[in-house]
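Single-letter residue listing:
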Amino acid sequence: MNPEDNMIQVRGAYKSYDPKRPVLRGLDMSVQRGSIYAFLGPSGCGKTTLLKCIVGRNILDGGNIFVGVQDRSRIGYMPQEIALVEEITIGETMCYYGWMYNLRGDELEERKRDLFSLLDIPPETRKVKDLSGGQQRRISLCLSLLHIPELMILDEPTVGTDPVLSNRIWQCFVEMSAVRKKTIIVTTHYIEEARQSNRVGMMREGIILGEGDADSMMAEYHCNTLEEVFIKLCYKQDTEEAKNESQVSKNVVKTSSKPVPLSKGKSFSLNNLISYLLKSLFYLKYSPLGWFLLIFLPISVCVAFEYSMGREPYGLKLGIINDELELGKMECTQFSNITCFPASCAYISVLEKKLVMVPYSNINSALRDAKKNYIWGFLHISGNYSASFFQRIMENRRAEENILEQSEITIRMDMSNQLIGSLIKRDIIYSYFEYLDKLYSDCKWPVKYAKIPIQIKGTIYGSININVGEFTVTGLLLLLEYFLPVTYILAFVHEKRAGILERSLISGMSILELLTGHSIVTMVMFIFQTFSAMVILYLIYGHVFVGSIGLALALIFLVGAGGLSFGLTVALLFDNETAASFFILGSFIPTSILSGIQLYIR
């Protein structure tokens, strides 16, 4: 036979994931154009691995493969797994692959009518996940036949079908091969149905035990069924196994070329990109999780932030021990002029605007409550504070040591919470400056001598009166924009695990088209969620936005692009959604701290 008459020719194929247990061991195989080739063999013998090598998704470690088509879109591939998007309907599934195969409108409807009738497909409005296993496999077979490819590679196409439907499917194969000159490779567990093929290949433990038409093989080995032929070939293999294996293992020729290279014009196709976008739209339409991520998640995070960290803490309690009031026997309201005397009352009146002041009669009781977390600290004002403070101002450097001591306000703080402690210290210091201004204006005390020799002018960015919400909202926004695109990758990981991505790639879609489609979907969702978050934070809750909005949006976009890149890296590393989710959650804290974003929230 002329080699050019072969659609597929495999010579010396060797593939191993474990050097001690090769999957393919010097396999030779030929498939004639316009014929049906039936692959027979038990599970794990290497059939699926060989088929993936033929379509270019796996690369041989040794040997070579010739395939008579140069474009994967001319191959109809049905994988062993279902490999369907279960959340969408049958009609939407056909539309997805129809765009990929450049089938639309009346042409697509005609193909659907023929195949739906042949394969007894349920109504196209039903979702794939609501179908039985056998119905799902028929949908999978329908997709592989949809574009009438030159080469069809079908992995267990009749599993789960009744004998009548199985016979109809095989009659369709025979008609496509004999009349339309299509080449079909079929793997099957049902040995006797393979008698309808033009050529049978019996495979076991990585090699072809025998090839030929069914009748000739049965006559050669004096058997009545193909099953008996297979058993005889297995016995024969067992007697020669050690010799063949050692010979094959020592003569492996490395290869790095893919057997089915894509033509340069097919590296990016608008049809393929549109098909991916349509599939994503269909999936989102039926996905509660997708809508949750799109709408509710950023809104709920922003609202939760506002009622936890986004607002200035209020009701903070601070103890006060004012010995000027005769150890708690008197109150500030009993004095007619609390600004000048007792001057401590003026300071307390200013503090009460910002903190809840809790009076104590002695230091021990205040310290006990502070240790029990009833108050955040306490102030102690000596009994001769006003007079000593006035004398300290007037005498300045000449004031005696006891005068300096009695004119001081001592503070003890609980700093277990750095944020709360810093806010209270801020209020104590700024209230003291306000208190000095009050003494100067009302009592004409020359308080400039009591002020520290530092003058705080207007700020370059921000405000002197730091608001916790304004300080932390930027960090929240950046964290949200970074990790939202990361979470979208879980759907990508699911498609990878279910074989949907593999099937799309074999059907003619390129990696570039997949990444472009995913990036577009992610960016659309990202833009919507960014808009939602900024409306909630800056318009509804009134956070201050100062600076160039264009520059801010550009920086947010770059942060989102970084999250998208990180998500794609996760998709490459993991084949399971649970493992990917744990990795994303585990990376949250170290990523935010190492990037510096966490500094916004401290």
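Read on for a plain summary of the structure. (Residues numbered from 1 in each chain as written. Predicted model: local features only at pLDDT ≥ 70, side-chain atom pairs only at ≥ 80, totals over all residues. Heavy atoms only, no water.)

With respect to the layout of surface pockets
Applicable threshold: Detection works on a 1 Å grid of protein atoms alone, calling trapped sets that fit a 1.4 Å probe cavities and calling open sets with protein on both sides within 12 Å along at least five of seven lines pockets, with lining residues defined by an atom within 4 Å of a point. Grid points are joined across faces, edges and corners, and a volume is the space filled by probe spheres set on the points. Numbering of helices and strands starts at the N terminus; helices are DSSP runs of H or I of at least 4 residues and strands are runs of E of at least 2. Basically, the charged four are Asp, Glu, Lys and Arg, the nonpolar ten are Ala, Val, Leu, Ile, Met, Phe, Trp, Tyr, Cys and Pro, and anything else, Gly included, counts as polar.
When its volume is computed, the second largest pocket comes out at roughly 630 Å³. Lining the second largest pocket are 28 residues, with Tyr-283, Leu-284, Ala-491, Val-521 and Met-525 sitting closest to its centre. Of all elements in the fold, only helix H8 (270–285), helix H9 (288–306), helix H16 (489–498) and helix H18 (511–540) reach the threshold of two or more residues within the lining of the second largest pocket. Taken together, the residues of the lining of the second largest pocket sort by class into 17 nonpolar, 7 polar and 4 charged.

Considering a nonpolar patch on the surface
Spelled out, the test is: Nonpolar side chains (Val, Leu, Ile, Met, Phe, Trp, Tyr) are joined into patches within 5 Å and like charges within 9 Å, using only residues with over 30% relative accessible area and no salt bridge. Accessible areas in this description were obtained via Shrake-Rupley with a 1.4 Å probe; residue shielding takes into account the shown protein chains only. What makes a salt bridge here is a side-chain nitrogen of Lys or Arg within 4 Å of a carboxyl oxygen of Asp or Glu, nothing more. For every residue, the accessible area obtained with a 1.4 Å probe (protein chains only) is divided by the maximum for its type, and the residue is called buried under 20%, exposed over 50%, and partly exposed between those limits.
There is a patch of nonpolar side chains on the surface, built from Leu-289, Trp-291, Phe-292, Ile-295, Phe-296, Ile-299, Val-303, Tyr-307 and Phe-528 and spanning about 840 Å² of accessible area. The element that contributes the greatest number of residues to the nonpolar patch is H9, accounting for 7 residues. Of the residues examined, Phe-296 reaches a relative accessible area of 47% and is grouped as partly exposed.

As for the packing of H9 against H18
Basically, it comes down to this: To obtain an axis, a line is fitted to C-alpha atoms, over the contacting stretch when the element is a helix, and the angle between two such axes runs from 0 to 180 degrees between their N-to-C directions. The scheme is simple: roughly parallel for angles under 35 degrees, roughly antiparallel for over 145, roughly perpendicular for 65 to 115, oblique for anything else. The sense of a crossing depends on the near helix, which, turned anticlockwise from the far helix by less than a right angle, makes the crossing left-handed and, turned clockwise, makes it right-handed. What makes two residues a contact is simply this: any of their non-hydrogen atoms within 4.5 Å.
Following both chains from N to C, one finds H9 and H18 inclined at 25 degrees, their axes separated by 10 Å at the closest point. The pairing of H9 with H18 is recorded here as roughly parallel in orientation. Helix-helix and strand crossings are classified by hand; for H9 and H18 the assignment is right-handed. Contact residues: Gly-290, Leu-293, Leu-294, Ile-295, Pro-298, Ile-299, Cys-302, Phe-305 and Glu-306 in H9; Met-525, Phe-528, Gln-529, Ala-533, Ile-536 and Leu-537 in H18. When the residues that make up the contact of H9 with H18 are grouped by side-chain class, the tally is 12 nonpolar, 2 polar and 1 charged.

Looking at the environment of Ser-587
The line we're drawing: Pairs of N or O atoms are called polar contacts if they sit within 3.5 Å, as long as, within protein, a hydrogen donor faces a hydrogen acceptor (for residues adjacent in sequence, only side-chain-to-side-chain pairs).
Tracing the sequence through the fold places Ser-587 in helix H20 (residues 577–595). Once residues lying within four places of it in the same chain are set aside, the contact partners of Ser-587 are Phe-483 and Phe-566. Within the structure, Ser-587 has its side chain in polar contact with the backbone oxygen of Ile-584 (distance 2.8 Å).

A look at the sheet that holds strand S7 (residues 183–188)
Which entries qualify depends on this criterion: DSSP-based pairing: two strands are paired if at least 2 bridges between them are found.
The mixed open sheet is built from 6 strands, whose spatial order is S5-S6-S7-S3-S8-S9. Looking at the sheet topology across the chains shown, the edges are occupied by strand S5 (75–78) and strand S9 (207–212). Strand-to-strand twist of the sheet, defined as the mean angle between neighbouring strand axes without regard to direction, takes the value 15 degrees. Here strand S3 (residues 36–40) runs beside S7; their pairing, made up of 5 bridges, is parallel. Looking at the pairing, Leu-40 lines up with Thr-188 of S7. Relative to S5, helix H4 (residues 133–145) is tilted by about 170 degrees, and along the sheet it contacts S5 and strand S6 (151–155).

With respect to the packing of aromatic side chains
Quick note on the threshold: Note on aromatic contacts: the rings of Phe and Tyr and the six-membered ring of Trp form a pair at centre separations within 6.5 Å, being stacked when their planes are under 30 degrees apart, edge-to-face when over 60 apart, and tilted otherwise. Look at NZ for Lys and CZ for Arg. If either is within 6 Å of the ring centre and within 35 degrees of the ring normal, a charge sits over the ring.
For the coordinates displayed, the defined rule picks out 15 aromatic pairs. Every member of this aromatic cluster is reached through a ring pair, and the members are Tyr-347, Tyr-385, Phe-389, Tyr-432 and Tyr-435. Here the guanidinium or amino end of Arg-104 rests over the ring plane of Trp-99, the centre of that ring lying 4.3 Å away. One residue, Arg-503, lies across the ring of Tyr-97, its end atom 5.9 Å from the ring centre.

Brief notes about helix H15 (residues 468–487)
Going by this rule: By this rule the span expected of a helix is its residue count minus one, scaled by 1.5 Å.
Compared with an ideal rise of 1.5 Å per residue, which puts 20 residues at 28 Å, H15 spans 28 Å between its outermost C-alpha atoms and is within 8% of the ideal. For H15, the tally of buried residues reaches 16 of 20 residues, placing the bulk of the element in the interior.

What to know about helix H3 (residues 105–119)
Note the following rule: By definition, the arc is the one covered by directions from the helix axis to the C-beta atoms.
The end-to-end C-alpha distance of H3, which contains 15 residues, comes to 21 Å, matching closely the 21 Å that a straight helix rising 1.5 Å per residue would cover. Those residues of H3 not exposed but buried are Leu-108, Arg-111, Lys-112, Leu-115, Phe-116, Leu-118 and Leu-119. The arc enclosing the buried residues of H3, seen along the axis, measures out at 160 degrees, which places them on a common side. In H3, the exposed positions angled more than 90 degrees off the buried face are occupied by Asp-106, Arg-113 and Ser-117. On its buried face, H3 is in contact with helix H2 (90–100), H4 and helix H5 (163–178). Backbone geometry just downstream of H3 places Asp-120 in the positive-phi region, at approximately 55 degrees.

Some words on the nonpolar core
Where we set the bar: In plain words, nonpolar cores are sets of buried Ala, Val, Leu, Ile, Met, Phe, Trp, Tyr and Cys residues tied together by side-chain atoms within 4.5 Å.
Counting 75 residues, the largest nonpolar core has Met-94, Leu-141, Leu-146, Leu-154, Phe-173, Ile-184 and Leu-537 as the members making the most contacts within it. Among residues more than four places away in sequence, those in contact with Leu-141 are Met-78, Leu-119, Leu-154, Pro-157, Ile-169 and Phe-173.

Section: the environment of Ala-533
Structurally, Ala-533 can be placed in helix H18. On a C-alpha basis, the gap between Ala-533 and Pro-298 in space is 6.1 Å, while along the polypeptide they are 235 residues apart. Ignoring sequence-local partners within four residues, the contact set of Ala-533 consists of Cys-302, Leu-477, Leu-480 and Glu-481.

Remarks on the pairing of strand S10 (residues 317–322)
Across the 6 residues that make up S10, a large majority, 5, are buried. Relative to strand S12 (residues 377–381), S10 runs parallel, the two sharing 4 bridges. Each residue of the ladder has a partner; that of Gly-319, found in S12, is Phe-378.

Considerations on the pattern of salt bridges
According to the stated counting rule, one finds 15 salt bridges in the structure shown. Linking Glu-502 and Arg-57 is a salt bridge whose minimum nitrogen-to-oxygen distance equals 3.3 Å. On the criterion of sequence distance, the pair formed by Glu-502 in helix H17 (residues 500–506) and Arg-57 in the loop between helix H1 (47–54) and strand S4 (62–67) is long-range, its members being 445 residues apart. Among the salt bridges present, the one from Arg-195 reaches Asp-215, with a minimum N-O distance of 4.0 Å. Taken together, the positions of Arg-195 in the loop between S7 and strand S8 (199–204) and Asp-215 in helix H6 (residues 214–220) put the pair 20 residues apart, joining distant regions of the chain.

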